[in-house]
Every structure is written in C-alpha cells, then in structure tokens.
Amino acid sequence: MLIVATPGSTGSTGGSGTPTGVTNGAPDQPIDATVAEVGPLNQATQVTVIDVRVSADDGVRVAELASTGNLALIVLPAGR
C-alpha cells in the first residue's frame, strides 16, 4: 500500500500553504505502508478506520496528512 499526499481545497497539502513532506526541497513522495487492521464501517459517518504501519521516519508526515484529511491510500497488487 502507498500513502500519498493530496491537495486540499487551496491546492496545498499542508495547513500552512506549504506542502508537507518537503525535505531539502524535494516534493512529496509516496510513503510505503502495510495494513495492520481494518475496522468496521461506522454506519452513521460512513467512515472505516484503517490502521497502517509505516517507518518511524514517515510517522510524523503521515500523522500530519491524516490530521488534515489530505491523503489517499493506494492498494497495490499482491507481491508488490
């Protein structure tokens, strides 16, 4: 699975207007993740919580993206 930053309504992926995950001038890169658990669908909100595992280096970036809702999960074919 990959986690990728998605632009918000202002076209940026960070609350400050600066794309998050930019390190040394490099643009956002997909984050490798492994699904740890998938919760049940909440009928009231139509939300399903998916717990993922990422490297310690990517944890803060994923938390920032998740807090704004500016991320997408991409399911890759088995064996990737």
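In this report, the structure presented in the accompanying data block is examined. (Residues numbered from 1 in each chain as written. Predicted model: local features only at pLDDT ≥ 70, side-chain atom pairs only at ≥ 80, totals over all residues. Heavy atoms only, no water.)

**Side note on the overall build of the protein chain**
Here is step 1 of the chain: Scanning the protein chain for helices and strands turns up 1 helix and 5 strands.
Here is step 2 of the chain: Along the chain direction, N to C, the helices and strands of the protein chain fall in the order β-β-β-β-α-β.
Here is step 3 of the chain: When the 80 residues of the protein chain are sorted by exposure, 18% land in the buried category.
Here is step 4 of the chain: Relative to all contacts within the protein chain whose residues are 6 or more apart in sequence, the contacts with residues 24 or more apart total 55%.
Here is step 5 of the chain: About 5,400 Å² of surface is accessible on the protein chain, with carbon and sulfur atoms providing 55% of the total. (Helix = DSSP H or I, 4+ residues; strand = E, 2+ residues; numbered from the N terminus. Buried < 20%, exposed > 50% of the residue type's maximum accessible area, 1.4 Å probe, protein only. Contact = heavy atoms within 4.5 Å. Areas by Shrake-Rupley, 256 points an atom, 1.4 Å probe, with all protein chains shown as cover.)

**A look at the layout of surface pockets**
The gaps of empty space that remain are located by a probe, the size of a water molecule, rolled over the atoms.
Here is step 1 of the chain: Reported here for the largest pocket is a volume of approximately 170 Å³.
Here is step 2 of the chain: Residue lining of the largest pocket: Ile3, Thr48, Val49, Ile50, Val52, Val62, Ala66, Leu71 and Leu73, and that is the complete set.
Here is step 3 of the chain: With 4 residues, the single largest contributor to the lining of the largest pocket is strand 4 (residues 47–53).
Here is step 4 of the chain: Of the residues in the lining of the largest pocket, the class split is 8 nonpolar, 1 polar and no charged. (1 Å grid on protein atoms, 1.4 Å probe; cavity = no way out; pocket = protein on both sides within 12 Å on 5 of 7 lines; lining within 4 Å. Points joined across faces, edges and corners; volume = space filled by probe spheres on them. Nonpolar A, V, L, I, M, F, W, Y, C, P; charged D, E, K, R; others polar.)

**Here's the deal with unusual backbone geometry**
Here is step 1 of the chain: A positive phi angle is found at Gln46, which is not glycine, with a value near 60°.
Here is step 2 of the chain: Here Gln46 shows up in the loop between strand 3 (34–42) and strand 4.

**Remarks on the sheet that holds strand 5 (residues 71–74)**
Here is step 1 of the chain: The 3 strands are arranged 2-1-5 in an open sheet whose pairing can be described as antiparallel. The sheet is open, and its two borders are formed by strand 2 (31–32) and strand 5, each paired with just one other strand.
Here is step 2 of the chain: Sheet analysis places strand 1 (residues 2–5) next to strand 5, joined by 4 bridges and oriented antiparallel. From the neighbouring strand, Leu2 faces strand 5, where its bridge partner is Ile74. (Pairing = 2+ DSSP bridges.)

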